[in-house]
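# Structural description and commentary
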Amino acid sequence: DVRVIGRYSGFSDDKTTGLITGVKFATGNTNANFVNGNPLDAGLQIGTGSTDIILGAYTSGTVSTYGWFVQGTVQHAISGLVNEASGSYRPGDAYLLNTGIRYASFGSTFSPMLQLNLVHREYDQGSSVPSDVFTGSPASGGNLAYLSPGLNVRLGGGTSVYGYVQVPI
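One structure accompanies this document, and this report is about it. (Residues numbered from 1 in each chain as written. Predicted model: local features only at pLDDT ≥ 70, side-chain atom pairs only at ≥ 80, totals over all residues. Heavy atoms only, no water.)

### Let's talk about unusual backbone geometry
In most cases, non-glycine residues show a negative phi, while peptide bonds are predominantly trans. In the Ramachandran plot, Lys15 falls in the positive-phi region, its phi being about 60° despite a non-glycine side chain. Its location among the elements puts Lys15 in the loop between strand S1 (2-8) and strand S2 (17-25). With a relative accessible area of 48%, Lys15 lands in the partly exposed category. The backbone phi angle of Ser64 is positive, close to 55°, even though this residue is not glycine. (Helix = DSSP H or I, 4+ residues; strand = E, 2+ residues; numbered from the N terminus. Buried < 20%, exposed > 50% of the residue type's maximum accessible area, 1.4 Å probe, protein only.)

The structure is reproduced here in structure tokens:
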């Protein structure tokens, strides 16, 4: 699926606080099968088949030689997948909270970073959502937490690249 996201940073003079808005479009494949030919569960498909709205906010700052940020977003499906062969499916709402720090005095080219990523996802809905065999509730949703160390590299001319390794905790 493809996400188109915009940021508005005009709430403070230093542009460190803002809003996030966006739309996720249903562009990914929703027809993949297991090796035995049975349809893959809707929640495991590459695409969700849904169009979602994304809303959030962020702020950032510095303390001594450290930079920090906090960002929260909510993703809500406004339309779901309806397929005669596989049934209906609508992903549960997702609530994301990301916070992190970077060490700015490591040098002018490299900045080590560390993030904490928290995700709460509501149950998926629809006839193609599998149920837990013991509880009968949908076998989806849940809480996830990741610790993500990373590195930012300044290439020059206002260009930087960065990468993270997301480790479940």
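### Here's the deal with the packing of aromatic side chains
A complete count under the given rule lists 3 aromatic pairs for this structure. With a centroid separation of 5.2 Å and an interplanar angle of 85°, the aromatic rings of Tyr8 and Phe11 are classed as edge-to-face. Aromatic pair Tyr162 and Tyr164: ring centres 5.8 Å apart, planes at 70°, arrangement edge-to-face. The class for Tyr162 is exposed, based on a relative accessible area of 61%. Judged by its relative accessible area of 30%, Tyr164 falls in the partly exposed class. (Phe/Tyr/Trp six-rings, centres within 6.5 Å; stacked < 30°, edge-to-face > 60°.)

### Side note on the layout of surface pockets
One number sums up the size of the largest pocket: a volume of about 660 Å³. Contributing to the lining of the largest pocket are 23 residues, with Arg7, Phe69, Gln71, Gln115 and Tyr164 lying nearest its centre. Mapped by element, the contributors of at least two residues to the lining of the largest pocket are strand S3 (51-63), strand S4 (66-79), strand S7 (94-103), strand S8 (110-121), strand S9 (142-156) and strand S10 (159-164). Here the lining of the largest pocket takes 5 residues from S4, the largest share from any one element. Of the residues in the lining of the largest pocket, the class split is 9 nonpolar, 11 polar and 3 charged. A volume near 360 Å³ is recorded for the second largest pocket. Lining the second largest pocket we find 19 residues, and of these Arg3, Lys24, Thr48, Gln75 and Arg121 sit closest to its centre. Elements supplying a minimum of two residues to the lining of the second largest pocket: S4 and S7. (1 Å grid on protein atoms, 1.4 Å probe; cavity = no way out; pocket = protein on both sides within 12 Å on 5 of 7 lines; lining within 4 Å. Points joined across faces, edges and corners; volume = space filled by probe spheres on them. Nonpolar A, V, L, I, M, F, W, Y, C, P; charged D, E, K, R; others polar.)

### Description of the pairing of S3
Where S2 lies against S3, 8 bridges are found, and the strand directions are antiparallel. Directly across from Thr17, in S3, lies its bridge partner Thr59. In this sheet, S4 lies alongside S3 in antiparallel orientation, the contact comprising 13 bridges. Of the residues in S4, the one forming a bridge with Ile53 is His76. The turn linking S3 back onto S4 is made up of 2 residues, and Ser64 within it adopts a positive phi angle of 55°. (Pairing = 2+ DSSP bridges.)

### Some remarks on the side chain of Lys24
Position of Lys24 relative to the elements: it lies in strand S2. For Lys24, a relative accessible area of 2% corresponds to the buried category. Of note is the side chain of Lys24, whose polar atom sits 2.8 Å from the backbone oxygen of Ser50. In contact with Lys24, other than residues within four places in its own chain, are Asp1, Val2, Arg3, Thr48, Ser50, Thr51, Asp52, Ile54 and Gln75. (Polar contact = N/O pair within 3.5 Å; in protein donor to acceptor, adjacent residues only side chain to side chain. Contact = heavy atoms within 4.5 Å.)

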